[in-house]
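# Observations on the model geometry
So you can see what is in the structure, the chains are spelled out below.
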Amino acid sequence: MSAAPNEVASAGGVGPPLWLLAELTYRCPLHCVFCYNPVDFARDEAELSTEDWLRVLGEARALGAVQCGFSGGEPLQRDDLEILVAEARRLGYYTNLLTSGIGLNEERIARLKQAGLDHIQLSFQDSTREVNDFLSSTRTFDLKRKAAALIKAHGYPMVMNCVIHRMNIDHIERIIELAVELDAEYLELANTQFYSWAHINRDHLLPTREQLQQAEAATNRWREQLGTRMKIFFVVPDYYETRPKKCMNGWGNVFLTIIPDGTALPCHTARMLPGLEFPNVRGSSVRDIWYSSEGFNRYRGTGWMKEPCRSCPEREKDLGGCRCQAYMLANDPAMADPVCDKSPHHGVIVDIVEKAQAPRVEAEARPLVFRNRKESKELARPF
Amino acid sequence: MTSTSMTIAANSVPRIGHGFRLQWEEAQQAHVLLYPEGMVKLNGSAGEILTRCNGTAPVEAIVADLEQRFATSGLEADVLAFLRMAQERRWVEFA
């Protein structure tokens, strides 16, 4: 890179981080096969202390961050969660808890409510106990239903999230029915994006084109039927697109992610990228991290682009897509995201999608890999 | 259906929708509406209307207050149109 960080900042007019994603811990009672935590999450690293997090909350808020998401792993595993929520709320953040619901009981939710928590997003893995429990490798379906009831009873808007993939996409109507039954205001049907554990398990998870079309049609029927009662978001798996997503709404543009050990990232998977140092909140201020670090400035704007992105009329629209996907599929984070059909590597995506159309692809694939510490240590790689 | 489909009358009383929060953001020099995992940055007039949706003032009082504040008249249609849009998006609800 030729441009120094400060030049990038002044030339691009970098705005404040509006979203702080606090990944409090990688500890999690679930073992989901599509987890987006890094495959090597079990590297032994100390989690940030309560004091560190309180300082980060204050520094990011001072820069202008206003949405704060507490996630993980399972954020309820941190017993200082209520302290962090209370401070975030006091500072003026809108506070979001992204949880599996495991560990949420009457006492805990009452404390979180008192701390000023604004919103809880509850994730399900499927509409049925069998599939939910299989995919998460736990017996948690009934616990989740109890958590959903607690969320409603405490007056929270109910945002239900379900990761969608080849193994549950045909149940999409039952998943929507479950959301109706649980009286959800919002339902996110988030097709798997292929990072981390989902990347390892991709052959099992990528749906066929036909599955996807049927699921979208069914979702649209329910949208019409439900009107304003429930808002349904349907996120398409980007392998089926021909233009890339504007990943994270732009590198270092809106989102500031802090992972459990204090490393600051433009997105939760960016640490996989080679040749790039990311700062840690233990040693740097949030202001320096956001505006002056190499890690945050490297792929800001369009100055880093190669062809075909550099001269593409759509370069501002999608900013070349996802840097991690470019690295994983084209072996160079500065290339176009291979999802784009202008990318010289688009054939990689075409081949993967083509292979997914074959029936019973699961049978030929290697076994599903569940996200747990043992597998993480054995695999010992970032994605 | 619920109150989300009711017609807005001059004596309807709007308030900020359940789960939404309105606040001034110094860094953005704007009012913003915060909601689960999202945010809308409001333009000046949207901010002026929504800050008056306090759950006690009826639409007619909000219109009168805005007309006085900006020394103008005939704002009712614009305010109603905005509130209809805001209601559809759950930014406001009616008591």
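Structure's up top.
Keep in mind the model is a prediction, meaning the values are calculated, not measured.

### Observations regarding the overall build of chain B
Assigned secondary structure in chain B consists of three helices and five strands. Start at the N end of chain B and walk to the C end: the helices and strands fall as β-β-β-β-α-α-α-β. Computed over C-alpha atoms, the radius of gyration of chain B comes to 13 Å, within 12% of the 12 Å expected from 2.2 N^0.38 for 95 residues, which places it in the range of a compact globule. Principal axes of the C-alpha set define a box for chain B whose edges measure 40 × 35 × 20 Å. Here chain B holds 95 residues, and the buried ones make up 45% of them. Summarising the internal contacts of chain B: among those between residues at least 6 apart in sequence, 53% fall at separations of at least 24. Between the mean site of the 8 positive side-chain charges and the mean site of the 11 negative ones, chain B shows a separation of 4 Å.

### Digging into the pattern of salt bridges
Per the stated rule, a full pass over the model turns up 32 salt bridges over all chains. Of the charged contacts in the structure, one is a salt bridge between R145 of chain A and E181 of chain A, with a shortest N-O distance of 2.3 Å. Placement of R145 of chain A in helix 6 (residues 141–153) and of E181 of chain A in helix 7 (residues 172–181) is noted, with a sequence separation of 36 residues between them. Take R145 of chain A: its relative accessible area is 28%, and that puts it in the partly exposed class. The salt bridge involving E93 of chain B is made with R15 of chain B; its shortest N-O contact spans 3.2 Å. Linking E93 of chain B in strand 5 (residues 92–94) with R15 of chain B in strand 1 (residues 14–16), this pair joins segments that are 78 residues apart in sequence. Given a relative accessible area of 35%, R15 of chain B falls into the partly exposed group. If you follow the salt bridges from partner to partner, you end up with R243, E314, K317, D341 and K342 of chain A in one network.

### Things to note about the pairing of strand 2 (residues 21–25) of chain B
Residues and elements named next belong to chain B. Judged by which residues are buried, strand 2 turns out to be one-sided: R21, Q23 and E25 face inward and are buried, whereas L22 and W24, on the alternate face, are not. Pairing of strand 2 with strand 3 (residues 30–35) involves five bridges; the strand directions are antiparallel. By the bridge assignment, L22 is partnered in strand 3 with L33. Hairpin connection between strand 2 and strand 3: a loop of four residues separates the two successive antiparallel strands, and Q29 in this loop has a positive phi of roughly 50°.

### Quick look at the sheet that holds strand 4 (residues 38–41) of chain B
Residue and element names in this part refer to chain B. With antiparallel pairing, the three strands of this open sheet are ordered in space as 2-3-4. Here the strands that pair on one side only, and so sit at the sheet edges, are strand 2 and strand 4. Along the sheet, successive strands turn relative to each other by an average axial angle of 30°, direction set aside. Across four bridges, the pairing between strand 3 and strand 4 is antiparallel. Its bridge partner lying in strand 4, L33 is registered against V40.

### Thoughts on the nonpolar core
In this structure, L20, F70, M160, L189, L256 and I258 of chain A are the most contacted members of the largest nonpolar core, which totals 124 residues. Counting residues per element, this core draws most heavily on helix 7 of chain A, which supplies six residues. For M160 of chain A, the residues in contact, after removing those within four places along its chain, are L122, F124, I175, L178, A179, L182, A184, Y186, L187 and E188 of chain A. One finds L50, C53, V59 and V92 of chain B within the second-largest nonpolar core, a separate group that totals 26 residues.

### Quick word on the environment of R315 of chain A
Residue and element names in this part refer to chain A. Looking at the secondary structure, you find R315 in helix 13 (residues 315–318). Residues R315 and N372 lie 57 residues apart in sequence; the distance between their C-alpha atoms is 38 Å. The contact partners of R315, leaving out residues within four places of it in the chain, are T302, M305, C309, R310 and G320.

### Quick look at the packing of helix 7 of chain A against helix 10 (residues 209–226) of chain A
Residue and element names in this part refer to chain A. At a minimum axis separation of 9 Å, helix 7 and helix 10 run at an interaxial angle of 30°. Judged by the inter-axis angle, helix 7 sits roughly parallel to helix 10. The two elements helix 7 and helix 10 meet at a crossing, and its hand is right-handed. Two secondary-structure elements touch here, helix 7 through I172, E173, I176, E177 and V180 and helix 10 through A215, A218, T219, R221, W222 and L226. For the contact of helix 7 with helix 10, the per-class residue count stands at seven nonpolar, one polar and three charged.

Parameters at a glance
Residues numbered from 1 in each chain as written. Chains lettered and ligands numbered in written order. Predicted model: local features only at pLDDT ≥ 70, side-chain atom pairs only at ≥ 80, totals over all residues. Heavy atoms only, no water. Helix = DSSP H or I, 4+ residues; strand = E, 2+ residues; numbered from the N terminus. Rg over C-alpha atoms; globule rule 2.2 N^0.38 Å. Buried < 20%, exposed > 50% of the residue type's maximum accessible area, 1.4 Å probe, protein only. Contact = heavy atoms within 4.5 Å. Lys, Arg positive; Asp, Glu negative; His and termini not counted. Charge placed at Lys NZ, Arg CZ, Asp CG, Glu CD. Salt bridge = Lys/Arg side-chain N within 4 Å of Asp/Glu carboxyl O. Pairing = 2+ DSSP bridges. Axes fitted to C-alpha atoms, helices over the stretch in contact; angles between N-to-C directions. Core = buried A, V, L, I, M, F, W, Y, C linked by side-chain atoms within 4.5 Å. Parallel < 35°, antiparallel > 145°, perpendicular 65-115°, else oblique. Left-handed = near helix turned anticlockwise from the far one by under 90°. Nonpolar A, V, L, I, M, F, W, Y, C, P; charged D, E, K, R; others polar.

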